[in-house]
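Residue strings, one per chain:
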Amino acid sequence: MTAPAFTLYGRKWCHLCDDMLAALEAMRPAWDFSVTVVDVDSDPALEAKYDEIVPVLALGARELCRYRFDVDAVAAAFVSD
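Basis of the calculations
- Residues numbered from 1 in each chain as written.
- Predicted model: local features only at pLDDT ≥ 70, side-chain atom pairs only at ≥ 80, totals over all residues.
- Heavy atoms only, no water.
- Salt bridge = Lys/Arg side-chain N within 4 Å of Asp/Glu carboxyl O.
- Buried < 20%, exposed > 50% of the residue type's maximum accessible area, 1.4 Å probe, protein only.
- Helix = DSSP H or I, 4+ residues; strand = E, 2+ residues; numbered from the N terminus.
- Core = buried A, V, L, I, M, F, W, Y, C linked by side-chain atoms within 4.5 Å.
- Contact = heavy atoms within 4.5 Å.

Per an unreviewed UniProt entry, the protein chain goes by Glutaredoxin and derives from Pandoraea anhela.

In C-alpha cells form, the structure reads like this:
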C-alpha cells in the first residue's frame, strides 16, 4: 500500500491552517503519509478557489475536511486508499 499524499491548502497567517497541520502531524506515529502545504496566496487560481474556506485538507482531488480537522475522514482515507 502506498502512503497517502495529503495536500493542505492554507495561508501563512491562518491559525486554523496551523491547527489542521498540527492535528495531521499528530497522526504521524500511527500512519505513514506525506503532506504538502500550499499557500493559496501564492497562486491567483488557488486564491480564487479556496479564498475564504481555508484550511482545506485534500487527498488527490478529494476534499477530506475544511476549516477544522476531521479525524474520522482522515483515518478513513488511510484504510480506503
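**Student:** How should the pattern of salt bridges be read in this particular structure?
**Tutor:** Pairing between side chains of opposite charge can happen when their charged atoms approach one another. Scanning all chains against the criterion turns up four salt bridges. Linking R28 and E25 is a salt bridge whose minimum nitrogen-to-oxygen distance equals 2.7 Å. Residue class for R28 comes out partly exposed when judged on its relative accessible area of 33%. Residue classification places E25 among the partly exposed positions, given a relative accessible area of 31%.

**Student:** What am I meant to see in the environment of E52 here?
**Tutor:** Its place among the elements puts E52 in the loop between α2 (44-50) and β3 (56-59). On a C-alpha basis, the gap between E52 and V38 in space is 15 Å, while along the polypeptide they are 14 residues apart.

**Student:** How do you make sense of the nonpolar core when you look at a structure like this?
**Tutor:** Grouped burial of nonpolar side chains is what soluble globular proteins tend to show. If you look at the biggest cluster of nonpolar residues, it comprises 13 residues, and the most contacted ones within it are F6, L57, L64 and V74. For this core, the elements supplying multiple residues, two or more each, are β1 (5-10), α1 (15-25), β3, β4 (62-66) and α3 (71-80). Per-element tally for this core: the top contributor is α3, with three residues. When residues no more than four places from it in sequence are discounted, the contact partners of V74 are F6, L24, M27, L57, L64, C65 and F69. V38, L46, V54 and V56 belong to the second largest nonpolar core, which has 12 residues in total.

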